[in-house]
Amino acid sequence: MQPVYFYNTLTRQKEEFKPLKPGRVGFYTCGPTVYDYPHIGNFRAYLFEDILRRTLEYNGYQVKQVMNITDVGHLTSDADEGEDKLEKGSKREGRTVWEIIEFYTKVFKENLHELNIEDPTIWCKATDYIQEQIDFAKKLESKGLTYVISDGLYFDTSKYPGYATLAKLNISGQQEGARVETNAEKRNPADFALWKFSPKDQQRQMEWDSPWGKGFPGWHLECSAMSFKELGEEFDIHASGIDHIPVHHTNERAQNWGLTDKESVKYWIHSEFLLVDGGKMGKSLGNLITLQQIKDKGFSPLAFRYLALQVHYRSKLNFTWEALEAAQRGYDNLVNEIKSFGLAGKIIPEFETQFKQVVSDDLNTPKALAILQEVLKANYPSSDKRATIITFDKIFGLNLNQITEAVELSREQEELLAQRQQAKVVKDFKKADELRSVLAEQGIKVVDLPDNQYKLEKSQ
Ligand code: AMP
Ligand code: ZN
């Protein structure tokens, strides 16, 4: 079996992937907070996770991927301050939080499908796991790792000696920063809410009873509770964008340790940011780009996917409209070239080996695309090139196979085609021409290519 390597944020090293259970992978991915349209930065992260899962599957692993939908508890600041993003979305649009959740979850999933991102094995919504989150917090409390202050139940991060490891945080620096800390009741600046109480002066749409008081779960708790429920207390991979390292994943890891006294996640893998015109993308900067905008400008979602594949997931991707134009052109050329290739070829083993090696080396998609270009230039029958490229597409996910399906043949037509190929092999050209005419009458044009190859087109 080809070894697979990933860069593990926890060790800051590229490591050979060794699953906890042979042949199987438990994979957790932080999903969207469904209060607004997702942007193309988010989709860069989901594309990276899609490539990660496809690479494991290509290598023969059975992957159980879990993705959450954050539909409660994510506040406007990643710390525990500000308004719940869902309640905010609800006020903005004059719809209930439940309507907001339904609408933006639907948009998110449609966008994923347009980008050819495959669904995870399990979707889970935070509000469906409230009891699991309360139980998790109760266990942490019973181990003496929590305390209650006026706005909620908090995790005491000073109890976890490994707290700073994942993000290489400077904790003493944080202590100094504590002078500007907004919540003076917290014991340590890094402490975070497991359960927040509903504000006394306003009615929340989403709130639940708990042993500590009416309220709602903290954002980090949902991922710990749901990953443990669906994947067990030890699992292989946890992924998302790098912005989650210092707060969200650091806090998840602290909770996991609190419950199990172990390092629950073996590989933490994070993708770099997408920038717009070299800078940060943000609503307040007015440069937030959605997939809808990309489509409105006449680009196909798969051109964006192609663009994302051109940059390694651990490098920043600088999005410009010019770069997207170039990607669209490159993608169209690729599709057109493959359209001219013959059918029914064989995979070229040397290219397949090279391809598998580079994608398995920390998901090197830019190199994998370079190999695809080599295949295009190589001196092989075009049908073999097509077969090879279509195998690559198991990972690229660029729908490069759609072209062969454009002409659909009935059983009888397939039989006629096979007879025609046979007639050509035995040099019975009269019969071959006759059969071609029969197919042409049925709307199928057979175009001969060198090396006894052919392609099919719809005849007018
Ligand atoms: P959120 O809904 O904020 O939790 O983000 C969803 C996913 O998108 C997470 O994996 C984030 O790390 C990722 N993400 C957010 N902004 C960007 C960006 N500009 N570039 C790349 N990934 C991002
Ligand atoms: Zn998460």
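Going by the structure above, here's the rest.
Trainee: How would you sum up unusual backbone geometry? Please name residues and give values.
Mentor: Positive phi, close to 50 degrees, is recorded for Asp277, a residue that is not glycine. Topologically, Asp277 is positioned in the loop between strand S12 (274-276) and helix H8 (291-296). By relative accessible area, Asp277 is classed as exposed at 59%. The phi dihedral of Lys427 falls on the positive side, at around 60 degrees, and the residue is not glycine. Along the chain, Lys427 turns up in the loop between helix H14 (411-425) and helix H15 (429-441). Here Lys427 falls in the exposed class, since its relative accessible area comes to 62%.

Trainee: I'd like a description of the site of ligand 1, backed by residues and values.
Mentor: Close to ligand 1 lie 14 residues, the nearest being Gly41, Asn42, Gly241, Asp243 and Leu274. Contact between ligand 1 and Asn42: an oxygen atom at 3.0 Å from a side-chain N or O atom of the residue. In the model, a nitrogen atom of ligand 1 is placed 2.8 Å from a nitrogen or oxygen of the Leu274 main chain. Expressed as a share of its isolated accessible area of 490 Å², the protein-covered part of ligand 1 is 90%. At the level of secondary structure, the elements contributing two or more residues to the shell around ligand 1 comprise helix H1 (40-58) and strand S10 (235-241). Among the elements that take part in the shell around ligand 1, H1 stands out by supplying four residues, more than any other.

Trainee: How would you explain the packing of H1 against helix H9 (residues 301-309) if you had to name every residue and give the values?
Mentor: At a closest axis distance of 10 Å, the pairing of H1 and H9 adopts a crossing angle of 70 degrees. Considering their axes alone, H1 and H9 lie roughly perpendicular with respect to each other. Of the residues in H9, those in contact with Ile40, Phe43, Leu47, Asp50, Ile51 and Arg54 of H1 are Phe304, Arg305, Ala308 and Leu309. Its residues assigned to classes, the contact of H1 with H9 comprises seven nonpolar, no polar and three charged.

Rules and cut-offs
Residues numbered from 1 in each chain as written. Chains lettered and ligands numbered in written order. Predicted model: local features only at pLDDT ≥ 70, side-chain atom pairs only at ≥ 80, totals over all residues. Heavy atoms only, no water. Helix = DSSP H or I, 4+ residues; strand = E, 2+ residues; numbered from the N terminus. Buried < 20%, exposed > 50% of the residue type's maximum accessible area, 1.4 Å probe, protein only. Near = heavy atom within 4 Å. Polar contact = N/O pair within 3.5 Å; in protein donor to acceptor, adjacent residues only side chain to side chain. Areas by Shrake-Rupley, 256 points an atom, 1.4 Å probe, with all protein chains shown as cover. Axes fitted to C-alpha atoms, helices over the stretch in contact; angles between N-to-C directions. Parallel < 35°, antiparallel > 145°, perpendicular 65-115°, else oblique. Contact = heavy atoms within 4.5 Å. Nonpolar A, V, L, I, M, F, W, Y, C, P; charged D, E, K, R; others polar.

Just distances and angles here, no functional claims.
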